[in-house]
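Read off the chains here:
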Amino acid sequence: MSAPQSIDHAAGKPVGADHVSPRRKAAMVVQLMIAEGRKLDLASLPEAVQISLTRELGALRLVDRATLAAVAAECADRIEGLGLAAPGGMDQALQALDGRISPATAARLRAEAGPPRGDDPWARLTALPCPALVPLMTTECAEIAAVTLSKLPVAKAAELLGLLSGERARRITHAMSQTRAIAPDAVERIGAALAAEHCQEVPKAFAHPAPDRLGEILNSSGSATRDAVLDGLEAEDPDFAADVRRAIFTFADIPQRLAPGDAPAVLRRIEQPVLITALAAAEATGGGDAAAANHLLDNISQRMAQGLREEIAERGAVRRVEGETAMSEVVGAIRAAADEGDIALVSPQEEDES
C-alpha cells in the first residue's frame with residue numbers, strides 16, 4: 001500500500017510543494033504569517049498583486065501540514081539565498097539616492113515615473129494651503145471644483161470659499177448638487193488628474209528667494225557698493241528693494257536685530273584683534289555704526305567693556321577697508337550664532353510691530 005498523499009482541499013487533488021502554483025504558495029505564506037500575528041504591509045504592492053493575492057486567500061481552505069511545511073521551507077530557502085536586496089521600484093530608488101543625485105534629475109525621474117504606488121492624490125491636494133488651491137478652483141469647471149471642495153476638511157473648505165469671488169463661489173456651491181451620484185472610482189480619477197497638474201513640484205535652481213540671495217551678497221559688500229545698489233533698486237523696483245533691505249543685516253543693524261542679553265555670547269565668538277578693529281572703525285565712522293558699537297559695549301560686563309574701550313583708544317585710526325572687513329566678520333559671527341541656535345535674532349517685522 002502506498003503512503004497517503006498530501007491534499008490541497010481548495011483544489012481537491014493530491015499536491016506537493018512542487019505542484020502548488022506560485023500564487024497559491026504566496027497565499028499560504030501570507031495566511032501563515034497572519035495566523036502568527038505578524039503585521040504585513042501589503043498596501044505598497046501593486047493593486048493587481050493585491051487583488052490576485054486576496055482571491056487566492058479566498059480560495060484557500062485547508063492545507064495539510066506536510067504541504068505547508070514544504071512551502072514554508074521553500075520560501076525560507078529563497079530568502080536565505082538572496083545576496084542583495086535592491087530598492088525595487090523608481091520611488092524606492094529615488095529615496096535611496098536622495099542627496100546623491102541632483103534635484104533636477106530627481107524631479108525629472110519622478111515626473112517620468114508618475115505618482116508613487118499607494119499615493120493618495122487627495123491627501124496631497126488637501127495638504128496644499130488655501131491660496132495654492134485658488135487657481136484650481138477658478139480654472140477647473142464648477143463640477144470638478146465642487147468635488148474638490150467636498151473632499152476638503154470643513155474649516156479649510158470654508159476658508160477657500162471665502163477667497164473666491166462671489167459669482168464663482170455661487171457656481172461651485174450650486175454644482176455640489178450634481179455630485180450626489182458620482183462613483184468613488186471617478187472621484188479617485190479626478191483626484192489623480194488634479195494632483196498631477198496642481199501638485200507637481202517644480203525643481204528650483206536656488207534654495208533661497210532672490211531678495212535673500214542679494215541681501216547676503218550686499219552684507220559682504222562695502223557700504224559704498226551696498227548703498228549704490230540699493231539706490232538703483234529703489235528707482236527700478238521699489239518692492240524688490242524693500243525685500244532686499246529686510247534681508248540685509250549690516251553692522252549698523254545690530255541694535256535692532258541683536259537682543260541685549262545675547263551680546264556676550266556673540267563677542268566670545270570673535271577674536272580680540274578683529275573685535276577691537278571693528279569697534280574702533282565703528283566709533284570713528286559715527287552714526288549707526290557707532291550706535292552698534294555702543295550697543296555691544298553697553299550689554300557686557302563693565303570690566304570687559306572698560307578693557308575693550310582702553311584697547312580701542314590704543315588702536316588708533318583704522319583704514320576703511322580694514323574696518324569694513326572687521327565689521328563684516330562681527331556680523332558674520334552674529335549670523336552664525338543665530339544659524340546654530342545659540343541666539344535668536346529679532347526680525348525686522350518684529351521690530352516694526354514693536
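This one's a predicted model, so the numbers in the text were calculated from it and none came from an experiment.

This brings us to the packing of aromatic side chains. Applying the stated criterion across every chain, the model contains zero aromatic pairs. The aromatic ring of F249 is capped on one face by R257, whose charged end is 5.2 Å from the ring centroid.

Segments scoring low in pLDDT should not have their predicted coordinates read at a detailed level. For the chain, per-residue confidence averages 83 on the pLDDT scale, and 85% of positions sit at 70 or higher. Segment residues 1-15 is flagged for pLDDT under 50; beyond a separation of four residues in sequence, or across chains, it makes 26 contacts in the model.

Ranked by internal contacts, the top residues of the largest apolar core, which has 31 residues, are F251, I254, L279 and L296. Every element with two or more residues in this core is listed here: helix 16 (263-267), helix 17 (272-285), helix 18 (287-298), helix 19 (302-315) and helix 20 (320-339). Counting 25 residues, the second-largest nonpolar core is a separate cluster that includes L125, A142, A145 and L152.

What follows is about helix 9 (residues 154-162). Residues of helix 9 that are buried include every one of K156, A157 and L160, and no others. Projected onto a plane normal to the axis of helix 9, the buried residues spread over an arc of 100 degrees and lie on a single side. Pointing more than 90 degrees away from the buried face of helix 9 are the exposed residues V154, A155, A158 and G162. Contact partners of the buried residues in helix 9: helix 6 (121-126), helix 7 (130-139) and helix 8 (142-151).

Looking now at the environment of E188. Residue position: E188 is located in helix 11 (residues 184-198). Between the alpha carbons of E188 and P121 there is a distance of 7.8 Å; along the sequence they are 67 residues apart. When neighbours within four sequence positions are excluded, E188 is seen to be in contact with P121 and W122.

Further remarks concern the packing of helix 17 against helix 18. Between helix 17 and helix 18, the shortest axis-to-axis distance is 6 Å and the interhelical angle comes to 135 degrees. The angle between the axes of helix 17 and helix 18 places the two elements in the oblique class. Handedness of the crossing formed by helix 17 with helix 18: left-handed. Residues L279, A282, E283 and T285 of helix 17 touch helix 18, and the partners they reach there are G287, D289, A290, A293, N294, L296 and L297. Residue composition of the contact of helix 17 with helix 18, grouped by class: six nonpolar, three polar and two charged.

Contact pair helix 8 / helix 11: the axes reach a minimum separation of 11 Å and the direction vectors enclose 95 degrees. By the criterion of interaxial angle, the relationship of helix 8 to helix 11 is roughly perpendicular. Contact residues: helix 8 offers I144, V147, T148 and K151, while helix 11 offers V187, I190 and L194.

Cut-offs applied
- Residues numbered from 1 in each chain as written.
- Predicted model: local features only at pLDDT ≥ 70, side-chain atom pairs only at ≥ 80, totals over all residues.
- Heavy atoms only, no water.
- Phe/Tyr/Trp six-rings, centres within 6.5 Å; stacked < 30°, edge-to-face > 60°.
- Lys NZ or Arg CZ within 6 Å of the ring centre and 35° of its normal.
- pLDDT = per-residue confidence, 0-100.
- Contact = heavy atoms within 4.5 Å.
- Core = buried A, V, L, I, M, F, W, Y, C linked by side-chain atoms within 4.5 Å.
- Buried < 20%, exposed > 50% of the residue type's maximum accessible area, 1.4 Å probe, protein only.
- Helix = DSSP H or I, 4+ residues; strand = E, 2+ residues; numbered from the N terminus.
- Arc of directions from axis to C-beta.
- Axes fitted to C-alpha atoms, helices over the stretch in contact; angles between N-to-C directions.
- Parallel < 35°, antiparallel > 145°, perpendicular 65-115°, else oblique.
- Left-handed = near helix turned anticlockwise from the far one by under 90°.
- Nonpolar A, V, L, I, M, F, W, Y, C, P; charged D, E, K, R; others polar.

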